[in-house]
Structure formats: structure tokens, C-alpha cells
There are 2 protein chains.
Amino acid sequence: MSIELEDVERAAQRLAGVAHRTPVITSRTLDERKGARVHLKAECFQRGGAFKFRGAYNKISSLDKGALRRGVLAYSSGNHAQAVAIAASLLGTRATIVMPEDAPRAKLDATRGYGAEIVPYDRWTESREEIGARLAEERGLELVRPYDDPLVMAGQGTVALELLEEAPELDLLLVPVSGGGLIAGCATAAKALRPEIRVVGVEPETGDDTRRSLVAGERVRIEVPHTIADGLQAPEPGELTFEVNQRLVDEVVTVTDDEMVEAMVFLFDRLKLVAEPSGAVGTAALLSGKLDASGRSVGVVLSGGNVGAARFAELVS
Amino acid sequence: MSIELEDVERAAQRLAGVAHRTPVITSRTLDERKGARVHLKAECFQRGGAFKFRGAYNKISSLDKGALRRGVLAYSSGNHAQAVAIAASLLGTRATIVMPEDAPRAKLDATRGYGAEIVPYDRWTESREEIGARLAEERGLELVRPYDDPLVMAGQGTVALELLEEAPELDLLLVPVSGGGLIAGCATAAKALRPEIRVVGVEPETGDDTRRSLVAGERVRIEVPHTIADGLQAPEPGELTFEVNQRLVDEVVTVTDDEMVEAMVFLFDRLKLVAEPSGAVGTAALLSGKLDASGRSVGVVLSGGNVGAARFAELVS
């Protein structure tokens, strides 16, 4: 149930011409400030505004005809929902999405806009896994997990595949960590192509379940973290993702909400890039000095830009 | 003193490998909403955050060695100042910028950061033109005008040259208008390459000096307009730019401040693009329906992204 470079390469073939090949952006300002050469993989320009489309499409396009006829189901705090909705609509199937009722309005609206049916739940008292499992059974829907699925992980890994094609000399890769699918896929691709690369995860300070789990040597479950990084609130690593990340991730660093906002402002002001809080954690780790990057060639996955102007204004004011 | 396609092509050669070839961005959402095929030329990703670098570099790189030894001068509180500072530093000459002493600290710092010397003046009691003329004479500095110069116009025209290379089928081109240098260069390139294209300028409703001038058949001077589009506050068209625009611009439409903000929010939310108010006027003209684009292939020049997160927050709140 683990994945290899070949799985990521197969995903890349499925995604060719469907997912956007997002730009890799460099900044003299950032390079000078950190004494490094930084390459930002701008997944804010991915379909649906985040990397999630890669995994969702890779998964759904691998389903058989019967499953596609019945439809797919996802539970998600936002970006995965949109990704599944878009992928489903492209592949001619129906998506049902279990979403927190307090998810950012931009995300709820966008998901509905892609033609998905939304089933709301209370994320502080209800389990989305239970609701999802019940709906999947009742309606015969295929569950598209946000991270704990080899095809999803492999799809997300295409981010690193593309980044290394454009910057093959990278020796440090920073990846946001929630359930761990993005970093599992990216680490799989990156370590296979460049064994000496250091792969570092970035979590919110209050949501450091993967950091703790790696230290403990087993999956640790924490309280649902309170953080502005609404995409990084998984309370424990996935089972499959953790197996991969335990082998391939070198370190996890954490950043505060304030550091995320500073990074969002920096990306907006200097690079004219829109990052949601979860998308800005890699840049935040660099800017805050949580991580020494000097003299290095650094890849940073800017994982998404779904924050909405109103929420952005609220955060930076 | 007018310009031809060849001048724009020569500018493109000078700018190759120096200016960024900015991306042309499309959006299914925008296309569906307008029933058109829209191509946004994202000059927010240009060096200095706006198209101005093109004209400034084309001008300064054309100066002789003596002039480069003495240095260049500009008066501007905005994007042109930074563009001249960056171009001068790349070309090994010194830039002196006459800026209001109460200009935002971020702008003063950014311009100084590019190595320029700032000469502050009191905008309520002093004239920047007089200070500029005196400095130019005393120090033998070459004045780099923000628009009324053939080399500056030709440099800005490379925006349309690049856009038409990627979308040769365009039949409508929307360009922000202040002094008229950007649209003069763009119209020159666009009409030469594609005579049937319609070139439409966009001005703030309160700053429609070029619209009025085209109607009157001569340059009309208005009060310095009150608008959030701080890059579009020229009170009258340039002399050289007006000569070109009178021949080549088909129409000028106007948009309100509110329409600019709506467009900025749309660009942020849906396309993850940062536009300053002046940069958003083309999108505003489309979204507001000031212009019928249905069935057309439309180019929109998103001229810059220098708004700053704090000011953006203020505008959208």
C-alpha cells in the first residue's frame, strides 16, 4: 500500500493536459534575505486553487465504470472538496462532499459552483469519517480520501516531480503537512530522483501531530488544532502517509499563525502571490528563520491560494 | 517623434532576458461570465511589480555612455520611480528620483532599496517639474519621462507584442490609460500586427482626460482626479502619446472606484492575482458590462500589482 516513484510518474501521465503545470517562481528579495536560492511551486494557480486536484483526479480517473456511474464522496475542510468536485465533473461523475459548516464561505461557494452536493457537519462535535462512511454505504459512493490513499499520495507527488524538473539542483524541500499526503508523495518523488535532498514538513505550532508522531515513532493523535491554517487541521497523520513519511521525511518544523500572516503579506507585497494560511507555512518557516536555508537551493510548496479577499483583509488588518 | 512597430520590436530585443516575459492568464470563470475568451497579461509579475520597467529600461539602455556616466532623473511617487531605479541599477548608472517627502515609507524604502537617490520635495509648496529641471541642469542628469517619450512608449508596447504572440486571434484589447504611454505603445504594436483589432482604453470615471480629449480632438486638461487608481491620475494626455492615441485608439471607457475594487476582489478570489486599482480597470470594464465582449477574443492588460496588503485590506473591507 506504499508508493514508489513509478506511481507518481503514472499520475503525471494521467494529469498531463488536465492539471495545470503551475509556475515555479523565484524572488531576488527572498533570495537576498535568506542567502539562498528559493523556488516557490505556486499551486495557488492549480485548478481549484490548490494542489489537491492532482490527487483527486489521479484517484477518480482510476475508478472503474460502475464506480463512476454511482459517484464519489469526500470529506474535506475545503480544498480537497473543490478538487473532488472538479475532477468528478471532468470525469462525468457526481461528487457528494461532507464539509464543516464553518468552512470559509469562498470554499463552500466554489465547491457548490463546481456542481457538487454539500453535506455540512459540525467539526467540533461530529466525525466526518463516520458521516462519510455512512453516506458511502447508503448511496454506494466511492470514498475519495483526502490523503490516506496511494493514488491520492501519488497524485500530490507530481508537485515535486515538476518542481525538480525545473530546479533539479534542489537540496531542501519544504512541504506543508496536514494528513501527510502531499509530503508523502513529494518525498517519494524527491528522494527517488535526488537521494541527498532534505525533505522538511511544516505544520502549525498548534497542530504538530506529525512532528510529534515522528518523534514518538508512532501516530499520535492531538486535539483538533485551533489555527488560521484551515487546511492543516488533521488531528493525526494518516496510516499510509505516516508509513511513507516515517521513512522519508527528515524533519518537521512548526510556525505560528502570526508567522503565516507575515508570510502571506510578504508573498502578496513582494511576489504578488495569493497564499492561504496553509499555503504560506513553507515561506513562513523560511522568513521566520525557523529553518536555516543559507547557501541552499530550496523548494517551497505554496500549496494553495483559497483564502478569499475578505478573509485575507481580516487576517492582515 | 511618433513610433512604429519596428520601435516596439527593437525595444523587445533590448528587453529580452532582462524584463520578465509575464504570463498570459485565462480563466474559465471569466470566460463563462462574459461569453468571451479573455487573456490577461499579468504585468503584476513584471520587475518592480508593473509594466513601467519596460519603458524605463528601453529608454535608459538607449542612452550614450556619457549620459549613463552622469545618471538619470525621474519624478514620480509610484511605479515609474521604482522602474527607473531598477533599470538604472541594472545598467550601471545612478538614478535620482524626485519624490514627495510624505510618500509612503514603503515606497521610499523600496526605491532607495534599488539604489536610487531620493530628493524629497514638499508637494504642497514645490513643483516637482521645477526641481527636476533644476537637478537635470545642475547635475547633467537625463530626464526619464513617465510616458511622453518615444522610447518609453515603444518599451510599453512590448506588452501587446508578447500578448499577441500568445493570442494572435485577439480582436479586442483593453488597456489602462493615464498619460497614455502604455496604450500608445500597445496600440502601435497591435494595430500593425492585426489591423482589425479594436483597441479600447480604460480610465477612472473621475479621470477621463483622454476620453474627453479624443472627443474634443485636442488635449483637454482636467483637475487632478480623485480616484483610488493612483497610477491613473495624469490630468491630461501626453503630447506625443495623444498624437498616437488619436490615430489608433478606437474608444475609451470609464470605470468607478467601486468597479475597480470588485475587479480586484474577483482577480484575487478566482484567479489568485494581485492587481492594484489602476491594474484592475480592464477587468472592471469587462465585469461591469461597460463593454460588450461577448463572442470576442479579448486581451486585458493587468498593468500592475503594487497595492500592498494593508491598502488592499482597506479597499476591500
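Everything quoted here is computed from the prediction, not taken from an experiment.

Participant: Describe the pairing of strand 5 (residues 117–121) of chain A, and please don't skip the residues or the numbers.
Facilitator: Residue and element names in this part refer to chain A. Here strand 4 (residues 95–100) pairs with strand 5 via five bridges, running parallel. Counted as the bridge partner of Pro100 is Tyr121 from strand 5. With helix 6 (residues 105–113) bridging strand 4 and its parallel neighbour strand 5, the resulting β-α-β unit is right-handed.

Participant: Any chance you could break down helix 3 (residues 52–60) of chain A for me, citing the residues and the numbers?
Facilitator: An α-helix turns once per 3.6 residues; consequently, residues spaced three or four apart project the same way. Within helix 3 of chain A, nine of the nine residues are buried, leaving the element largely enclosed by the surrounding structure. Within helix 3 of chain A, burial applies to A:Lys52, A:Phe53, A:Arg54, A:Gly55, A:Ala56, A:Tyr57, A:Asn58, A:Lys59 and A:Ile60.

Participant: Give me the lowdown on the sheet that holds strand 2 (residues 37–42) of chain B, citing residues and values where you can.
Facilitator: All names here are of chain B. Taken together, the six strands give an open sheet; going across it, the order is 1-2-10-7-8-9, and neighbouring strands pair in mixed fashion. Looking along the sheet, the strands with just one partner apiece sit at the ends: strand 1 (24–25) and strand 9 (251–255). Relative to strand 8 (residues 198–204), strand 7 (residues 172–176) runs parallel, the two being bridged by five bridges. Within the sheet, the bridge partner assigned to Leu174 lies in strand 8 and is Val200. Sheet strands in contact with helix 8 (residues 150–166) are strand 1, strand 2, strand 7 and strand 10 (297–302), and its direction is about 140° off that of strand 2.

Participant: Run through the relation of the copies chain A and chain B, naming residues and quoting values.
Facilitator: Under the fitted operation, chain A is carried onto chain B by 0.0 Å of movement along the axis and a turn of 179°, and the coordinates agree to an RMSD of 1.0 Å. What the rotation and shift describe, once combined, is the action of a two-fold rotation axis. Within chain A, A:Ala313 has its C-alpha nearest the rotation axis, a separation of 2.1 Å. Here 100% of the interface residues in chain A have copies in chain B that are interface residues too; the copies meet face to matching face.

Participant: Tell me about the sheet that holds strand 8 (residues 198–204) of chain A, and name the residues and values.
Facilitator: Residues and elements named next belong to chain A. The mixed open sheet is built from six strands, whose spatial order is 1-2-10-7-8-9. In the strand order of this sheet, the two ends are held by strand 1 (24–25) and strand 9 (251–255), each with one partner. Looking at chain direction, strand 7 (residues 172–176) and strand 10 (residues 297–302) are connected through three bridges and run parallel. Across the sheet, residue Leu173 finds its bridge partner in strand 10, namely Gly299.

The rules behind these values
- Residues numbered from 1 in each chain as written.
- Chains lettered and ligands numbered in written order.
- Predicted model: local features only at pLDDT ≥ 70, side-chain atom pairs only at ≥ 80, totals over all residues.
- Heavy atoms only, no water.
- Pairing = 2+ DSSP bridges.
- Helix = DSSP H or I, 4+ residues; strand = E, 2+ residues; numbered from the N terminus.
- Right-handed = clockwise from strand over helix to strand, strands pointing away.
- Buried < 20%, exposed > 50% of the residue type's maximum accessible area, 1.4 Å probe, protein only.
- Contact = heavy atoms within 4.5 Å.
- Axes fitted to C-alpha atoms, helices over the stretch in contact; angles between N-to-C directions.
- Least-squares fit on C-alpha atoms with pLDDT ≥ 70 in both.

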